[in-house]
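Geometric and topological summary
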Amino acid sequence: MERSLYERLGGVEAITAVARAFEDRAAKDDRINQKTNLDRLTKEFVDQLCQDTGGPCTYTGLSLRQAHTNMGVTSGEWDAFMEDLVATLDSFNVGKAEQDELLNKLRPMRADIVQVESPQVGTPLPSAFVPAPPL
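Here goes a summary of the coordinates provided. It should be emphasised that the depicted structure is a prediction, and the values quoted were computed from it without experimental measurement.

**Here's the deal with the state of the cysteines**
Under the criterion given, the structure shown has 1 disulfide. Across a sulfur-sulfur distance of 2.2 Å, C50 and C57 are joined as a disulfide pair. Sign of the S-S torsion, about 75 degrees for the bond between C50 and C57, identifies this disulfide as right-handed.

Okay, here's the thing in structure tokens:
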């Protein structure tokens, strides 16, 4: 029987390590850090990745569309997010097949996150944005 992507990535401990490293990278990336809630990112990203890769976690956060409402995320910021994720996966020596499988699971989320088709990055949060309640 073929192992799940969750198992091939190394389970929740490995996914958590990648998410923490990604959080550090995102915090330093002026292209996306204005729109990255670091307090929520690690926990919810771990739960989402764990669930979507076949692990035992359950994502209980807002829908991605709800969480990103009025955030004004640009296509350029989405691309920068994905670039940072790939760089993080590379730093953990995640194999190309696993990276491709993971990225293919994430790409459809773009429709729920990107609100502005623009190559701009580092755009401020619009005044209409209301952050999600604390965890």
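Structure shown, so let's carry the discussion forward.
**Some words on the packing of helix α2 (residues 11-28) against helix α5 (residues 75-91)**
At a minimum axis distance of 9 Å, the contact between α2 and α5 shows a crossing angle of 130 degrees. One finds that α2 runs oblique with respect to α5. Of the two possible hands of crossing, α2 and α5 adopt the one that is right-handed. Together, V18, A21, F22, R25 and A26 of α2 and F81, D84, L85, A87, T88 and L89 of α5 make up the contact between the two elements.

**Thoughts on the nonpolar core**
Counting residues in each nonpolar core, the largest one holds 31 residues, and the members touching the most others are I15, F45, L85 and L106. Mapped onto this core, the elements with two or more residues apiece are α1 (5-9), α2, α3 (38-52), α5 and α6 (96-106). Leave out the neighbours within four places in its chain, and I15 touches Y6, L9, V46, L49, C50 and T53.

**Let's talk about the packing of aromatic side chains**
Taken as a whole and assessed by the stated rule, the structure comprises 4 aromatic pairs. Ring centres 5.5 Å apart and planes at 40 degrees place the aromatic pair F22 and F45 in the tilted group. Placement of the pair is F22 in helix α2 and F45 in helix α3, with a sequence separation of 23 residues. The same class applies to F22 and to F45, which are both buried. Summarising the aromatic geometry, the rings of W78 and F81 are spaced 6.2 Å apart at their centres and angled 20 degrees between planes, so their arrangement reads as stacked. Linking W78 with F81, this pair stays in helix α5, spanning 3 residues, or about one helical turn. A network of ring pairs unites the aromatic residues F22, F45, W78 and F81 as a single cluster.

**Describing the pattern of salt bridges**
Scanning the model with the defined rule gives 11 salt bridges in all. R31 is the salt-bridge partner of E83, the closest N and O atoms lying 2.8 Å from each other. Here E83 is found in helix α5, whereas its partner R31 is found in the loop between α2 and α3, with 52 residues between them in sequence. A salt bridge links E77 to K35; its shortest N-O distance comes to 3.1 Å. Of the two residues, E77 sits in helix α5 while K35 sits in the loop between α2 and α3, which places them 42 residues apart along the sequence. Residue classification places E77 among the buried residues on the basis of a relative accessible area of 5%. Within the structure, one salt-bridge network assembled from shared partners comprises D29, R31, E83 and D84.

Cut-offs and rules
Residues numbered from 1 in each chain as written. Predicted model: local features only at pLDDT ≥ 70, side-chain atom pairs only at ≥ 80, totals over all residues. Heavy atoms only, no water. Disulfide = S-S within 2.5 Å. Axes fitted to C-alpha atoms, helices over the stretch in contact; angles between N-to-C directions. Helix = DSSP H or I, 4+ residues; strand = E, 2+ residues; numbered from the N terminus. Parallel < 35°, antiparallel > 145°, perpendicular 65-115°, else oblique. Left-handed = near helix turned anticlockwise from the far one by under 90°. Contact = heavy atoms within 4.5 Å. Core = buried A, V, L, I, M, F, W, Y, C linked by side-chain atoms within 4.5 Å. Buried < 20%, exposed > 50% of the residue type's maximum accessible area, 1.4 Å probe, protein only. Phe/Tyr/Trp six-rings, centres within 6.5 Å; stacked < 30°, edge-to-face > 60°. Salt bridge = Lys/Arg side-chain N within 4 Å of Asp/Glu carboxyl O.

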